[in-house]
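Structural features, examined
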Amino acid sequence: MSLTALLEVPELEARYKKVKKFFFLRESAYDVTSACQLRCDGCYYFAGERSAVRDNRDPARWRAFLEGEKGRGITYVNLAGAEPALRPEVLRACHQTIPLGTVFTNGLKKIDADIRYRIHISVWGDATGDPKYRRYASGKEGPYCLPLQLENYKNDDRVIFVYTFNNENMEQVDEVLRLVHDAGHQITFNVFSVPERHGSMLKLKDTLARTREKMLEAIERYPETVVYSPYNATVHTEELSLRGQFGCPYPRAALTEAKGFGIGKTFRNYRADLTSDADSCCIPHTDCADCRHYAAGSAIVTARLDLHTQAESRFRGWLDYVDTYLAIWILGYQKDKNLYRGA
Ligand code: SF4
Ligand code: SF4
């Protein structure tokens, strides 16, 4: 089918118009610091050499650097690795220069209220899983992060929680959903994606099907709390990685993809010393064959409208995916009801 034919269905046209307003976004990613209180199992940040650089802590230098990024057409910043909340003045300088973006945090230290970025707080498990998967940098058993995160971000509209499913925590999501729901917050899902040459016990093996069931159950049970769609659940729990299903637009993959598409020309991933490599992606050192990461999917699936126009059901799935992605990444954007009804 052609896109024009699909847009003859009024609800599809309305949703397409809604999401299309955000097609101007051009993102890049920036490590803010190499410091972190934790050492989570399979953290890609500490899997490679990125953590070996010396942080640039000068807010004026960051401001000038992001002015340059603006000049390159970047309108959206992803502020990640290792723990950005530990550098509030750098975050403030970033926000004053490029005001659209997301900070990825473990939530153990509160980010000042004037920094109006979207805030993604990572959740790895319940009271039994978290201390095991997220040890302190000293090697000692880690904290149960969720109660601390909820305390730090009470009634904070910047926040969305991100639960990473791994090979053994599918059932732990029940406790997490209940606590996040009761606190009036929202949550979305990620799927553990193993770093290259890293034999983590958390890599999903025969647990993809159960993960999908738990995701669908959560969408059904907590429709106001869970920001996710059945199509997201489907593509993130296929045997094939996201790249296997859709290709990948990031520069790191574009070097070997037959045909470039999406953000390959503008995306860069900078280290905390503000250097970058030509072959970057949003989750460096992750094994492409196991890539099911939510951040990767936001660019990968969104960029493949062309693969979603063969059938109305696929297009419905794509619209839900983009609507979900915008609700997760844009502060104040409201997700609508899911349109996808299965293949
Ligand atoms: S909190 Fe984030 S950066 Fe720190 S070790 Fe865990 S995953 Fe890595
Ligand atoms: S890890 Fe994922 S996002 Fe990065 S290059 Fe590989 S497939 Fe693309």
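Conventions and cut-offs
Residue numbering note: each chain is counted from 1, following its sequence as written. All chains are assigned letters beginning with A, and all ligands numbers beginning with 1, in the order in which they are written. Only residues with pLDDT of at least 70 get local features here, since the model is predicted, and only at 80 or more are side-chain atom pairs given and counted; chain-wide, interface and lining totals rely on the full set of residues. A run of H or I in DSSP becomes a helix once it reaches four residues, and a run of E becomes a strand once it reaches two; helices and strands are each numbered from the N terminus. Throughout, the radius of gyration refers to the C-alpha atoms, and the reference size of a globule is 2.2 Å times the residue count to the power 0.38. Here exposure depends only on C-beta density: within 10 Å of a residue's C-beta, 20 or more other C-beta atoms make it buried, 12 or fewer make it exposed, and intermediate numbers make it partly exposed, the C-beta atoms being placed from the backbone. One fewer than the residue count of a helix, multiplied by 1.5 Å, yields its expected span. The arc in question is formed by the directions pointing from the helix axis toward the C-beta atoms. The contact rule is simple: place each C-beta atom from the backbone, and if two of them lie within 7 Å, those residues are in contact. Two strands make a pair as long as DSSP finds a minimum of two bridges between them. Clockwise travel from the first strand over the helix to the second, with the strands pointing away from the viewer, marks a crossover as right-handed. Any residue whose C-beta atom, as set from the backbone, lies within 6 Å of a molecule or strand is reported as near that molecule or strand. Residues are sorted three ways: Asp, Glu, Lys and Arg are charged, Ala, Val, Leu, Ile, Met, Phe, Trp, Tyr, Cys and Pro are nonpolar, and all the rest, Gly among them, are polar.

Some points on the overall build of the protein
A count of helical and extended segments in the protein gives 13 helices and nine strands. Relative to the compact-globule value of 20 Å for 343 residues, the protein shows a C-alpha radius of gyration of 19 Å, a close match. Projecting the C-alpha coordinates of the protein onto the three principal axes gives extents of approximately 55 × 45 × 40 Å. Expressed as a percentage of the 343 residues in the protein, the buried residues total 47%.

Some words on helix α8 (residues 208-221)
Between its terminal C-alpha atoms α8 stretches 20 Å, which fits the 20 Å expected from 14 residues at 1.5 Å a residue. Those residues of α8 that fall on the buried side of the exposure criterion are Thr-211, Lys-214, Met-215 and Ala-218. On an axial view of α8, the arc spanned by its buried residues comes to 100°, and they lie on one face. Within α8, the exposed residues directed more than 90 degrees away from the buried face are Ala-209 and Glu-220. Close packing links the buried residues of α8 with β7 (159-165), α7 (173-182), β8 (187-191) and α9 (230-236).

Some thoughts on the sheet that holds β7
Taken in spatial order, the seven strands of this open sheet run β8-β7-β5-β4-β3-β1-β9, and their pairing is parallel. Whereas interior strands pair on both sides, the edge strands pair on one side only; in this sheet they are β8 and β9 (269-270). Note that strand β4 (residues 101-105) and strand β5 (residues 118-123) share four bridges and pair parallel. Bridge assignment links Val-103 to a residue of β5, and that residue is Ile-119.

Details of the pairing of β4
Of all five residues in β4, five are buried; the element is thus mostly enclosed. Side chains of β4 alternate between two faces, with Gly-101, Val-103 and Thr-105 and Thr-102 and Phe-104 buried alike. For strand β3 (residues 76-80) and β4, the ladder comprises three bridges, and the chain directions are parallel. Paired with Val-77 across the two strands is Gly-101, which belongs to β4. For the crossover that starts at β3, traverses helix α4 (residues 88-97) and ends in the parallel β4, the hand is right-handed.

Comments concerning the site of ligand 2
With respect to spatial proximity, the complete set of residues near ligand 2 consists of Arg-243, Cys-248, Tyr-250, Arg-252, Ala-253, Cys-281, Cys-282, Ile-283, Thr-286, Cys-288, Cys-291 and Ala-296. Tallied by class, residues from the shell around ligand 2 come to nine nonpolar, one polar and two charged.

Some remarks on the site of ligand 1
Neighbouring ligand 1 are the residues Cys-36, Leu-38, Arg-39, Cys-40, Cys-43, Tyr-45, Phe-46, Gly-81, Ala-82, Glu-83, Asn-106 and Arg-134. Broken down by element, the residue count for the shell around ligand 1 peaks at three residues, all from strand β2 (residues 38-40). Class assignment for the residues of the shell around ligand 1 results in seven nonpolar, two polar and three charged.

Topic: the pairing of β5
Among the six residues in β5, five count as buried, and that is most of the element. Of the pairings in the sheet, the one linking β5 to β7 comprises five bridges and is parallel in character. In the strand pairing of β7, Ser-122 is matched with Val-162.

Things to note about the environment of Glu-13
With respect to the secondary-structure elements, Glu-13 resides in helix α2 (residues 10-20). What makes Glu-13 exposed here is the crowd of 12 C-beta atoms within 10 Å. Note: C-alpha distance between Glu-13 and Leu-319 (306 residues apart in sequence) is 9.9 Å.

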